[in-house]
Amino acid sequence: MAQPFRLMGHNGELNTDRKNRLSDEALARARTRSIVRPPGQSDSSRLDQTLQSRVFDDGLDIVESVVSPMPLPDA
């Protein structure tokens, strides 16, 4: 499966993939929308889909979009 690389490319596993999916689903439910995820979609593709949603649907700039899925450090 080819890497999507529409907004961001990465190399390696994504540690926040499950959290991103849960957050995206919660946002979609709150907005009465649905998220279409093709079967077998890679973590890279899901990250790109999340960034695209943050930029185009939420109006965030690319830096805010990249930082938003990152977990906050423990205080």
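Everything below is about the structure printed above this text.
Residues numbered from 1 in each chain as written. Predicted model: local features only at pLDDT ≥ 70, side-chain atom pairs only at ≥ 80, totals over all residues. Heavy atoms only, no water.

K.L.:
Any chance you could explain helix α1 (residues 17-30) here in plain terms?
P.N.:
An α-helical segment advances 3.6 residues per turn. Residues three or four places apart therefore align on the same side. If you check α1, its first and last C-alpha atoms are 20 Å apart, about what 14 residues at 1.5 Å a residue would give, namely 20 Å. At its buried positions, α1 is contacted by α2 (43-57). Positioned one or two residues after α1, T32 has a phi angle of 50°, which is positive. (Helix = DSSP H or I, 4+ residues; strand = E, 2+ residues; numbered from the N terminus. Expected span 1.5 Å × (residues − 1). Contact = heavy atoms within 4.5 Å.)

K.L.:
For this particular structure, what's the right way to read empty space enclosed by the protein?
P.N.:
The gaps of empty space that remain are located by a probe, the size of a water molecule, rolled over the atoms. Inspection of the entire model under this criterion finds 1 cavity of 30 Å³ or more. Roughly 40 Å³ of internal volume is contained in the largest cavity. What lines the largest cavity is a set of 10 residues, among which D17, N20, R46, L47 and T50 lie closest to the centre. For the lining of the largest cavity, the secondary-structure elements that each account for two or more residues are α1 and α2. Taken together, the residues of the lining of the largest cavity break down into 2 nonpolar, 2 polar and 6 charged. (1 Å grid on protein atoms, 1.4 Å probe; cavity = no way out; pocket = protein on both sides within 12 Å on 5 of 7 lines; lining within 4 Å. Points joined across faces, edges and corners; volume = space filled by probe spheres on them. Nonpolar A, V, L, I, M, F, W, Y, C, P; charged D, E, K, R; others polar.)

K.L.:
Can you walk me through the pattern of salt bridges in this structure?
P.N.:
Here the idea is simple: oppositely charged side chains can pair when their charged atoms come close. Under the defined criterion, the tally for this structure stands at 5 salt bridges. In this structure, the salt-bridge partner of D57 is R33, at a minimum N-O distance of 3.9 Å. You can see D57 sitting in helix α2 and its partner R33 sitting in the loop between α1 and α2, a full 24 residues away along the chain. Among the charged side chains, a network of salt bridges with common partners joins D24, E25, R37 and R54. (Salt bridge = Lys/Arg side-chain N within 4 Å of Asp/Glu carboxyl O.)

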